[in-house]
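Residue-level listing of the chains:
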2 protein chains.
Amino acid sequence: MNKRMPTIIDVAEAAGVSTATVSRVLNKGKVSDLTKDTVESAIEELGYRRNNVARSLVMGKSGVIGVLIPDVTGALYAQMARGIEDVLNKYNLQYILVSGDRNVEQEQSALELLLERQIDALILIGSDLDESTLSKLLKNVYVTVFIQREATSKATSESLGESINSSAHTNGLTVGIDNYQAAQDATNYLIQKGHKKIAHITATRHDGRTRLNAFTDALEQANLSSNFIAEGDGTEDGGYKAAKTLLQNDDEIPTAIFCGNDRIAAGAYKAIKEHDLDIPRDISVIAFDNLPWAEYLDPPLTTIRQPGKSMGEVAAFKILDTLGELDDAPDEALKRARETTISYELIERSSVHDLRSGKHDA
Amino acid sequence: MNKRMPTIIDVAEAAGVSTATVSRVLNKGKVSDLTKDTVESAIEELGYRRNNVARSLVMGKSGVIGVLIPDVTGALYAQMARGIEDVLNKYNLQYILVSGDRNVEQEQSALELLLERQIDALILIGSDLDESTLSKLLKNVYVTVFIQREATSKATSESLGESINSSAHTNGLTVGIDNYQAAQDATNYLIQKGHKKIAHITATRHDGRTRLNAFTDALEQANLSSNFIAEGDGTEDGGYKAAKTLLQNDDEIPTAIFCGNDRIAAGAYKAIKEHDLDIPRDISVIAFDNLPWAEYLDPPLTTIRQPGKSMGEVAAFKILDTLGELDDAPDEALKRARETTISYELIERSSVHDLRSGKHDA
DNA sequence: TTGTAGGCGTTATCAG
DNA sequence: CTGATAACGCCTACAA
């Protein structure tokens, strides 16, 4: 069933030409129509298919780009991957996906594996790898773009001695939303609705930390105390447990919870309902991500939309651009390729209650 | 920033040995401890990293396997991808992911792109490609395994002239659940709970068709009429619309809906609630997949669990086995590698109502 | 244990 | 427009 794959040499012989000529028709070089036909039918006959690894070797580039992703199983990350793939495919490039599994050691070893393939470029999604290992690893990589590696407008100066600012990085392009600002928006939204006892369930990794900082800063600016902070692990179950602890003593219950992400919110919903509390009447919930199912929770979840697919697309465009594959691209694409910070959006649904409307209309 | 990558030759010179020796230390061949050290430090010094495309060329295998997936963005598919990756990584293999985008043309062109890379094996997830194009394309691929390409226990003989039976396929290994049986179980579960007016909202593609067939067959076997069938497109919105039409004339409303998958169910939930109907009191819902959020719907969704990750793992094991990489593998892994049909599970939550208990306890 | 040299399948340069 | 032929970086007999 598995005879040796025919090579360019076989085709050349079959067509009675040289390998160079075959290569030319394969690559749209100048060939006479006649020979072109002969060669093409020989190709057809033999079922020849070009060997891309040989091609990569001589061309010095593989046409595949590496993507390091925390977890394909995360809906948002999957969207990014999809965005990346969609634009890459238009240019006949492909990608190898590796999961960092949401932990640094795994990220590093995954990255090293990746680097051994001759990838032409690298996209790092939400990586927690620190600056120094990164720059060591990436020394010889032509182009790297980071998605969601903190392009904060207001660095979290106190919590991290030296902020993870990607702009300072080894030829690192960056795409992402303004995580800090978005989290502040979410918090302020609650404040504007008249909430004073606001809780936060943290998400993990650096974006989780940024959101926490934005949260506490926002409360501080509003002269509110931030006594209600619970650690989530980013999952539904973590959210459930965290919400439980938040709800445990009846006299000090928050009127609103800002969940680090939608999955956390799903867990929190469950906990809140178990306590026979109504959402949003008794407790309002706001979250982050806007995963596809967020609108189908009961009540539909108010949340910050992260445009995962767009982020992936932009990242891919940046790569194509730097790789010089974008000559013939539409202006629009080019423009998007240069942009660096994607806009987010607060999607109002019905999970937060307006405390003021009930009280006084002042 | 981007000087020429050091090659094995550079290392050889730096270490004062031949390239063969360097190659040997790279591949754990017999080398004296002394030279080994010298070479290794030279490697360290130069920051040498093996060029895997050259290696692939000479070895005749690339160490990457191709995965054709309908859509990374689908939670179940992502789980499969993750399962595949996890076991592959243990053996230092990687994968290229391509999305078929849930349509055949795209599937085919994606596949062709994939085949030009020298992938060592192929995993096809839920492909709708027909037998003939498949066998033409796959002529030279060493090993292919299909996930979820219908391993039905009871072929849907009437709807398809010739059933898509993978076992008949070109050296195609197969892993999947018994889709037909599972869908029958779901339907029968409803019947056992006393439901007589049962609706179905179809999912797409071949597994959707199989489920539909199982549904009608099950009803037939129970002497129930199957008047309530609506076409979904597999998405929440499709489910919403389909449920709407199901609910439109008040005198003929089903007491239960079997949704082709969880996403459809989410949409159906929304429609049902908009009609001021209670789940499960007025309408019961059962679905398929058990996506991570299914348990967080209100009420928690009763559904058939598909173990996506396991399916991916098994598929990967099959490949490793056929590729002969599994010599040193634990028995357990080996055993799993040979299995072909994965067990599913009906997860009872609270979205279906028992009609009998309310009426008569006979 | 170590070195030499041929070859993996393509592309690209340089003559014809 | 077409044909030799030298790389590309690595592995692997075969020799030493």
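As a reminder, the structure under discussion sits directly above these lines.
So, a few notes on the structure that sits alongside this text. (Residues numbered from 1 in each chain as written. Chains lettered and ligands numbered in written order. Predicted model: local features only at pLDDT ≥ 70, side-chain atom pairs only at ≥ 80, totals over all residues. Heavy atoms only, no water.)

**Quick look at the overall build of chain A**
Selection criterion: A run of H or I in DSSP counts as a helix once it spans at least four residues, and a run of E counts as a strand once it spans at least two, with each numbered from the N terminus. For the exposure calls, accessible area comes from a 1.4 Å probe over protein chains only, and a residue counts as buried if that area is under 20% of its type's maximum, exposed if over 50%, partly exposed in between. Contacts are assigned to residue pairs with any non-hydrogen atoms lying within 4.5 Å of each other. The method behind every accessible area is Shrake-Rupley, applied with a 1.4 Å probe, and residues are considered shielded solely by the protein chains displayed.
Within chain A one finds 14 helices and 12 strands. For chain A, the proportion of its 362 residues judged to be buried stands at 53%. Sequence-distant contacts, at least 24 apart, represent 73% of the contacts inside chain A between residues at least 6 apart. Per element, the accessible surface of chain A, about 15700 Å² overall, is 47% carbon and sulfur.

**Points about the protein's contact with DNA strand D**
Heads up, the condition is: The cutoff for a nearby residue is simple: one of its non-hydrogen atoms must lie within 4 Å of the molecule or strand. Residues are grouped as follows: Ala, Val, Leu, Ile, Met, Phe, Trp, Tyr, Cys and Pro are nonpolar; Asp, Glu, Lys and Arg are charged; every other residue, Gly included, is polar.
Near DNA strand D, the surroundings consist of 24 residues, among which T21 and R24 of chain A together with I8, Y48 and R55 of chain B are the closest. If you look at DNA strand D and keep only atoms within 4 Å of the protein, 67% of those are sugar or phosphate atoms. For the surface near DNA strand D, the secondary-structure elements that each account for two or more residues are α2 (19-26) and α4 (52-59) of chain A together with α2 (19-26) and α4 (52-59) of chain B. Sorting elements by how many residues they give to the surface near DNA strand D places α4 of chain B first, with four residues. In terms of residue class, the surface near DNA strand D is built from 11 nonpolar, eight polar and five charged.

**Re the interface of chain B and chain A**
Definition in use: When two components associate, each loses some accessible surface as probed by a 1.4 Å sphere; the sum of these losses over both components is called the buried area. Salt bridges, as used here, are contacts in which a Lys or Arg side-chain nitrogen is within 4 Å of a carboxyl oxygen on Asp or Glu.
Between chain B and chain A, the contact holds 57 residues from the first and 57 residues from the second. Both faces combined, the contact of chain B with chain A buries some 5400 Å², and carbon together with sulfur accounts for 51% of it. For the interface between chain B and chain A, the tally reads eight salt bridges. Residue D101 of chain B is joined to R82 of chain A by a salt bridge in which the shortest nitrogen-to-oxygen separation is 2.8 Å.

**Here's the deal with the sheet that holds strand β6 (residues 198-202) of chain A**
Note: strands within a sheet are paired through backbone hydrogen bonds, in either parallel or antiparallel orientation. Residue and element names in this part refer to chain A. Threshold: A pair of strands is considered paired only if DSSP assigns at least 2 bridges between the two. A fitted line through C-alpha atoms serves as each axis, taken over the contacting stretch for helices, and the angle formed by two N-to-C directions is quoted from 0 to 180°.
Pairing is mixed in the open sheet, where six strands are placed in the order β7-β6-β8-β9-β10-β12. The strands lining the two open edges of the sheet, one partner per strand, are β7 (228-231) and β12 (345-347). Pairs of neighbouring strands in the sheet enclose a mean axial angle of 20°, with direction left out of account. Pairing of strand β9 (residues 284-289) with strand β10 (residues 302-305), which is carried by four bridges, proceeds in the parallel orientation. Looking at the pairing, F288 lines up with I304 of β10.

**Observations concerning the relation of the copies chain B and chain A**
Quick reminder of the rule: Here the copies are superposed with least squares, the fitted atoms being C-alpha atoms of residues at a pLDDT of at least 70 in both.
Here chain B sits on chain A after a turn of 180° about the axis and a move of 0.0 Å along it, with an RMSD of 0.1 Å. The relationship between the two copies is best expressed as a two-fold rotation axis. The C-alpha atom lying nearest the rotation axis in chain B is that of I96 of chain B; the distance is 2.4 Å. When the interface residues of chain B are mapped onto chain A, 100% of them again lie at the interface, so the same face is used by both copies.

**Things to note about the sheet that holds strand β6 (residues 198-202) of chain B**
Residues and elements named next belong to chain B. Across the sheet, which stays open at both edges, the six strands sit in the order β7-β6-β8-β9-β10-β12 with mixed pairing between neighbours. Both outer strands of the open sheet, β7 (228-231) and β12 (345-347), are each paired with one neighbouring strand and no more. Between one strand axis and the next, the sheet turns through 20° on average, direction left out of account. Each of β6, β8 (256-259), β9 (284-289), β10 (302-305) and β12 touches helix α8 (residues 179-192); the most contacted strand, β9, lies at about 165° to it.

**Side note on helix α10 (residues 236-246) of chain A**
Every buried residue of α10 of chain A is accounted for by E236, G238, G239, Y240, A242, A243 and L246 of chain A. In this fold, the buried residues of α10 of chain A make contact with β6, β7, β8 (256-259) and α11 (262-274) of chain A.

**Remarks on the packing of α8 of chain B against helix α9 (residues 205-221) of chain B**
A pair of packed helices is captured by two measures, namely the crossing angle of their axes and the spacing between those axes. All names here are of chain B. Stated formally: Oblique is the label for every angle not falling under 35 degrees (roughly parallel), over 145 degrees (roughly antiparallel), or within 65 to 115 degrees (roughly perpendicular). With the far helix as reference, a near helix turned anticlockwise by less than a right angle produces a left-handed crossing, and one turned clockwise produces a right-handed crossing.
At a closest axis distance of 8 Å, the pairing of α8 and α9 adopts a crossing angle of 45°. The angle between α8 and α9 places the two elements in the oblique class. In terms of crossing hand, the pair formed by α8 and α9 is right-handed. Contacts from N179, Y180, A183, Q184, T187, N188 and I191 in α8 reach D207, T210, R211, N213, A214, F215, D217, A218, L219 and Q221 in α9.

**Quick word on the nonpolar core**
The cut-off we apply is this: Grouping buried Ala, Val, Leu, Ile, Met, Phe, Trp, Tyr and Cys residues that are joined through side-chain atoms within 4.5 Å yields what is termed a nonpolar core.
If you look at the biggest cluster of nonpolar residues, it comprises 159 residues, and the most contacted ones within it are I123 and I201 of chain A together with I123 and I201 of chain B. Leaving out residues up to four positions away in the same chain, I123 of chain B has contacts with I65, G66, V67, L68, I84, V145, I147, A315, A316 and I319 of chain B. Of all hydrophobic cores here, the second largest spans 34 residues; its members include A110 of chain A together with V64, A110 and L129 of chain B.

**Focus on the protein's contact with DNA strand C**
Our working definition: In protein, a polar contact means a hydrogen-donor-capable atom and an acceptor-capable atom, both N or O and within 3.5 Å, with residues adjacent in sequence counting only if both atoms are side-chain atoms; elsewhere, any N or O pair within 3.5 Å suffices.
Taken together, 25 residues lie near DNA strand C, and I8 and Y48 of chain A together with T21, R24 and T35 of chain B sit nearest. The backbone of S18 of chain B places a nitrogen or oxygen atom 3.0 Å from a phosphate oxygen of DNA strand C. Residue R24 of chain B places a side-chain N or O atom 2.5 Å away from a base oxygen belonging to DNA strand C. Residue assignment for the surface near DNA strand C shows that the elements contributing at least two residues are α2 and α4 of chain A together with α2 and α4 of chain B. When residues of the surface near DNA strand C are assigned to their parent elements, the largest contribution, four residues, is made by α4 of chain A.

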